[in-house]
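Structural characterization, general
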Amino acid sequence: MNRDTLKDGLLRELALRIDDRADQADRQSLHNLSNAFYTRFPVEDMRGRSVENLYGCLYGLLRFMQTWSESSPKIRIFNPEIQHHGWESKYTTLVILCRGIPFTMASMRGELNRRGLRIHTIASSNLSVSRDEEGELRAVLSEDNGDHASEPGEALLFFELGRHSRPDELVELRETLSSILGEVSLVVDDFPAMCERLQQAVDDIGASECVDRSHREEAAAFLGWLERDHMTMLGYEYLKVKRSGSTTRIKVSGSTSLGLLRQRKTRGVQDLQHDIEHLSLEQMHHKQLSFSKSRGRSRVHRLTYPDYVEIKVFDEAGEVVGQHRFIGLYTSSVYTMNPSLIPILRRKVEQVMELSDLEWAAHESREMIRVLEGFPRDELFQSSVREL
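Residues numbered from 1 in each chain as written. Predicted model: local features only at pLDDT ≥ 70, side-chain atom pairs only at ≥ 80, totals over all residues. Heavy atoms only, no water.

Moving on: the environment of Ser107. Turning to its location among the elements, Ser107 is positioned in helix H5 (residues 104-114). In the structure, Ser107 is positioned 76 residues away from Glu183 in sequence and 9.8 Å away in space, judged by C-alpha atoms. Contact partners of Ser107, with chain neighbours within four places excluded, come to Ile180, Val184, Arg299, Val300 and His301. Polar side-chain contacts of Ser107 include one of 2.8 Å to the backbone nitrogen of His301. (Helix = DSSP H or I, 4+ residues; strand = E, 2+ residues; numbered from the N terminus. Contact = heavy atoms within 4.5 Å. Polar contact = N/O pair within 3.5 Å; in protein donor to acceptor, adjacent residues only side chain to side chain.)

As a further point, take the side chain of Asp190. Structurally, the position occupied by Asp190 is in the loop between helix H6 (171-189) and helix H7 (191-206). With a relative accessible area of 8%, Asp190 lands in the buried category. With near-sequence residues (within four places) excluded, Asp190 lies in contact with Leu258, Gly259 and Arg262. (Buried < 20%, exposed > 50% of the residue type's maximum accessible area, 1.4 Å probe, protein only.)

In this structure, strand S4 (residues 129-131) lies alongside strand S5 (residues 137-140), joined through 3 bridges in antiparallel fashion. Its bridge partner being in S5, Val129 is matched across the sheet by Val140. Linking S4 to S5, which pair antiparallel, is a turn of 5 residues; within it Gly135 sits at a positive phi near 85 degrees. (Pairing = 2+ DSSP bridges.)

The tally for this structure, following the rule as stated, stands at 23 salt bridges. The salt bridge involving Arg99 is made with Asp189; its shortest N-O contact spans 3.0 Å. Of this pair, Arg99 sits in strand S2 (residues 92-99) while Asp189 sits in helix H6, and the two are 90 residues apart along the sequence. With a relative accessible area of 45%, Asp189 lands in the partly exposed category. Of the charged contacts, one joins Glu310 and Arg325 as a salt bridge, the two residues approaching to 3.1 Å between their closest N and O atoms. Here Glu310 is found in strand S11 (residues 307-314), whereas its partner Arg325 is found in strand S12 (residues 320-330), with 15 residues between them in sequence. When its relative accessible area of 7% is taken as the criterion, Glu310 is described as buried. Taking the relative accessible area as the measure of exposure, Arg325 reaches 2% and is therefore buried. (Salt bridge = Lys/Arg side-chain N within 4 Å of Asp/Glu carboxyl O.)

The relative placement of two aromatic rings is captured by the distance of their centres and the angle of their planes. Under the criterion given, the structure shown has 13 aromatic pairs. Ring centres 5.4 Å apart and planes at 75 degrees place the aromatic pair Phe37 and Phe158 in the edge-to-face group. Here Phe37, found in helix H2 (residues 27-37), pairs with Phe158, found in strand S6 (residues 154-161); they are 121 residues apart in sequence, far enough to count as distant. Directly above the aromatic system of Phe64 lies the positively charged group of Lys74, at a separation of 5.1 Å from the ring centroid. Stacked on the ring of Phe78, the Lys or Arg Arg76 has its end atom at 4.2 Å from the ring centre. (Phe/Tyr/Trp six-rings, centres within 6.5 Å; stacked < 30°, edge-to-face > 60°. Lys NZ or Arg CZ within 6 Å of the ring centre and 35° of its normal.)

Okay, empty space enclosed by the protein next. Considering all chains together, one arrives at 1 cavity of 30 Å³ or more under this definition. When its volume is computed, the largest cavity comes out at roughly 40 Å³. Every residue along the wall of the largest cavity is listed here: Tyr38, Phe41, Arg49, Asn53, Leu54, Cys57 and Trp87. Considering only residue class, the lining of the largest cavity consists of 5 nonpolar, 1 polar and 1 charged. (1 Å grid on protein atoms, 1.4 Å probe; cavity = no way out; pocket = protein on both sides within 12 Å on 5 of 7 lines; lining within 4 Å. Points joined across faces, edges and corners; volume = space filled by probe spheres on them. Nonpolar A, V, L, I, M, F, W, Y, C, P; charged D, E, K, R; others polar.)

Take the side chain of Ser208 next. Mapped onto the fold, Ser208 is located in the loop between H7 and helix H8 (213-227). Each residue touching Ser208, except ones within four places of it in the same chain, is listed here: Arg216, Gln288 and Phe314.

Let us look at the packing of H5 against H6. Relative to each other, H5 and H6 sit at 145 degrees, their axes nearing to 10 Å. Note on packing geometry: the crossing formed by H5 with H6 is right-handed. Judged by residue contacts, Thr104, Ser107, Met108, Glu111 and Leu112 of H5 engage Leu173, Thr176, Leu177, Ile180, Leu181 and Val184 from H6. Residues that form the contact of H5 with H6 fall into these classes: 7 nonpolar, 3 polar and 1 charged. (Axes fitted to C-alpha atoms, helices over the stretch in contact; angles between N-to-C directions. Left-handed = near helix turned anticlockwise from the far one by under 90°.)

Take the environment of Leu10 next. The residue Leu10 is located in helix H1 (residues 3-21) in this model. Accessibility expressed as a relative area gives 9% for Leu10, which makes it buried. Apart from the residues lying within four places of it in its own chain, the contact partners of Leu10 are Met46, Arg49, Val51 and Leu54.

In this structure, Leu33, Tyr38, Leu156 and Phe158 are the most contacted members of the largest nonpolar core, which totals 33 residues. Put simply, the parts of the chain that give this core at least two residues each are H1, H2, helix H3 (51-64), S2, strand S3 (119-127), S5 and S6. In terms of residue count, H3 provides more of this core than any other element does, 9 residues in total. Of all hydrophobic cores here, the second largest spans 28 residues; its members include Leu198, Ile311, Val313 and Leu380. (Core = buried A, V, L, I, M, F, W, Y, C linked by side-chain atoms within 4.5 Å.)

Honestly, it's all geometry; don't read function into it.
What follows is the structure in structure tokens.
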């Protein structure tokens, strides 16, 4: 019997078991939950599972969902036992009920991997549900009733981990996962506002007449490119610059902070202060658009160090009066994209070639281009033409 046939047979038997054994009030919800959850369950992970165990697990998930307020995710870590849970597993089970928004599964998986917790089974499903005003579950609806493009609904995340003898001791893990999901919510909820701030930054670039027109056009083109699905926006902050005599004060405009930067402290103020103190106006005009790397890893989407994109704002006299700062993760396509297709980088590549020996043979120039095309994107963004 092939694996697909095995899974189909188990699910048919499970449907019969629901009709035969489940309470009348729960039957349709169990069928709908089974269709949403087990149909996406990895085929290889169905091997060795009995219908009785699938039924017990499914009923346990329905009970787990019974009461929930969207104010915070619901997380349970336990070792399933027949006498207590109606099903059993040789693994420690982690179940999470949260909003059905992007990045939840990837963010949870990243944290588990960071801790070196072995994941044996992983499954998730977005659910349409009906709840009363107190958060009590009325029903799990069929997938036909949900429009997750406009209404996120709920997400059920399921992991089987290497067995932990005392899952009740994993309180810190539960708290960390809850905190990460809070960050995911901030990022997703603030995404529209971050896009609006990106457009404001484009407008501010266009109004900076102290900056060479070609530089402004390339910077605006880069932000437009960024918005076309080339960066996962994680946060935003705006730095205000105020002068009193010879004193310059910089502070974060807290009311405009978005996403992760609602909570995260950055070195933006110190870095901008350093630029103002050590760069001439001409140098700052040339460096209106700048790039830097975060010193702290992102826990949302990918467990890696995100990038900052910074845009200085100038007044009519050419003085710095502010700075937009976006933090995010470049999408995977950026790391393999030809630099000639990326605003700012295409200019750098052109200028590096112009500075190179014009007496080079054609094959040497082609080799230089290949080297630049294969250069790490982080270094291309953050390095000056001279450094390259």
